[in-house]
Amino acid sequence: MRTIYEQLLILISTPLYLFIIGLELLLTNYGHKKVYTWKDTAVNVYLMILNACIDIFVRGGYLLVLNYFFHYQFFSFTNAIVYWIMLLVLEDFMYYWLHRFDHEVRLFWAVHVTHHSSSQLNFSVGFRSSVLQPLYRFIYFIPLALLGFKPLDIVFIYSATQIWGIFVHIELIKKMGWLEYILVTPSHHRVHHASNPKYLDMNMGMFLIIWDKLFGTFQPELDEYQPIKYGLTKSIEKETPLTIVFHEWTGIRKDLLRRDIGWKEKLLYVFGPPGWSHDGSRKTSQELRQMENGNQTETVSTFSDNPLTT
């Protein structure tokens, strides 16, 4: 039955996606703002297809794993409304941590980096998938099965919240009023896709923004800050179908083959934050923010000390 519901989601959402993409193209072209390119859109479709194929291939396996843990469930829900509301909230909570570790652990960033590799932000970027994520995503949902949520229901709710997660990849919608306090909005997600130091690794939620506010990863979009620059802090040197997916894995392999570091450094090159380096030649998100803050402080200090100012 849940499989039928998921198919209905696809049937309902696909025309909606096409309509929004068409509307976005129309409005941005009318405003003489180019947010789509053929190459970037083709890459988005390519990564979506790869992700979908892997997900279909491994779905039977991860459903078996979730079913195994479901047999040891701690709770049994009697109220259907409570069941679905709790599943929505808890699934979004678990996804927050999945997404956060994808940003803070280089091994997982090597998977997730594909989603952030576009220098544009438009509705089709929502389909620019983290190709290999289906291989481990289900691990984060094992606690939900133990809590008494059926595996197919977990997959269904994940698919449902993904619709909202795709919708927020858009520049046309600026602010959404009181919804900014509760939901992940396009404004919040623009920050998430920015490579500006202040915005790096912020706003990890997919549906609810409350997790970011609770765990210190919330950053509003600021009018007074520099214009948003999308993409990676360092662009892929040569984009090919293989390098788009595997360029960070290649970087990890090169770091592990270094002869001038020990096992501690090798482990940090795999499980440390993206950008970490043993000699400081690269910078993590936190280090880039500290550098930016230091430069701003130095500028203010220099200006204040200038005897020509009043």
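Remember, it's a predicted structure, so these values are computed and weren't measured experimentally. Along each chain, the written sequence defines residue order, and numbers are assigned to residues from 1. Under the rules for a predicted model, residues below a pLDDT of 70 receive no local features and side-chain atom pairs below 80 are neither given nor counted, while totals for whole chains, interfaces and linings still include all residues. In computing side-chain values, all of the structure's heavy atoms are included and hydrogens and water are not.

**Points about the overall build of the protein chain**
Argument step 1. Strands are runs of DSSP state E lasting at least 2 residues, helices are runs of H or I lasting at least 4, and numbering of each runs from the N terminus. Along its length, the protein chain carries 11 helices and 0 strands.
Argument step 2. Its helices and strands taken in sequence order, the protein chain reads α-α-α-α-α-α-α-α-α-α-α from the N to the C terminus.
Argument step 3. Burial here depends on accessible area, computed with a 1.4 Å probe over protein chains only, as a share of the maximum for the residue type. Under 20% is buried, over 50% is exposed, and the range in between is partly exposed. Here the protein chain holds 310 residues, and 45% of them are scored as buried.
Argument step 4. Every residue pair with non-hydrogen atoms within 4.5 Å of one another is taken to be in contact. A sequence separation of at least 24 residues applies to 71% of the contacts in the protein chain between residues at least 6 apart.
Argument step 5. Using a 1.4 Å probe, the Shrake-Rupley method yields the accessible areas, and only the shown protein chains count as cover for residues. About 17,200 Å² of surface is accessible on the protein chain, with carbon and sulfur atoms providing 68% of the total.

**A closer look at the environment of Leu 132**
Argument step 1. Note on placement: Leu 132 falls in the loop between α4 (106-112) and α5 (142-146).
Argument step 2. If near-sequence neighbours (up to four positions away) are discounted, Leu 132 is found in contact with Ile 54, Val 111 and Trp 249.

**Digging into the nonpolar core**
Argument step 1. Among the buried residues, those of types Ala, Val, Leu, Ile, Met, Phe, Trp, Tyr and Cys that are joined through side-chain atoms within 4.5 Å form a nonpolar core. Counting residues in hydrophobic clusters, the biggest one holds 21 residues, and the most contacted among them are Leu 87, Phe 141, Leu 144, Phe 149 and Ile 154.
Argument step 2. Elements represented by at least two residues in this core include exactly α2 (38-70), α3 (80-104), α5 and α6 (151-167).
Argument step 3. The dominant element in this core, judged by the number of residues it contributes, is α3, at 5 residues.
Argument step 4. Grouped together as the second largest cluster of nonpolar side chains are 11 residues, Trp 164, Val 168, Val 184 and Leu 208 included.

**Looking at the packing of aromatic side chains**
Argument step 1. Only Phe, Tyr and Trp rings are paired, with Trp represented by its six-membered ring, and only when their centres lie within 6.5 Å; those with planes under 30 degrees apart are stacked, over 60 edge-to-face, the remainder tilted. What the rule picks out here adds up to 24 aromatic pairs.
Argument step 2. When the centroid spacing of 4.9 Å and the interplanar angle of 70 degrees are considered together, the rings of Tyr 269 and Trp 276 count as edge-to-face.
Argument step 3. In this structure Tyr 269 comes out as buried when scored by relative accessible area, which is 1%.
Argument step 4. Joined through ring pairs, the aromatic side chains of Phe 93, Tyr 96, Trp 97, Phe 101, Tyr 140, Trp 211 and Phe 215 make up one cluster.
Argument step 5. Geometrically, a charge over a ring is one whose NZ (Lys) or CZ (Arg) sits within 6 Å of the ring centre while staying within 35 degrees of the ring normal. The ring of Phe 218 carries Lys 213 above its face, with NZ or CZ at 4.9 Å from the centroid.

The values are spatial; any link to function lies outside them.
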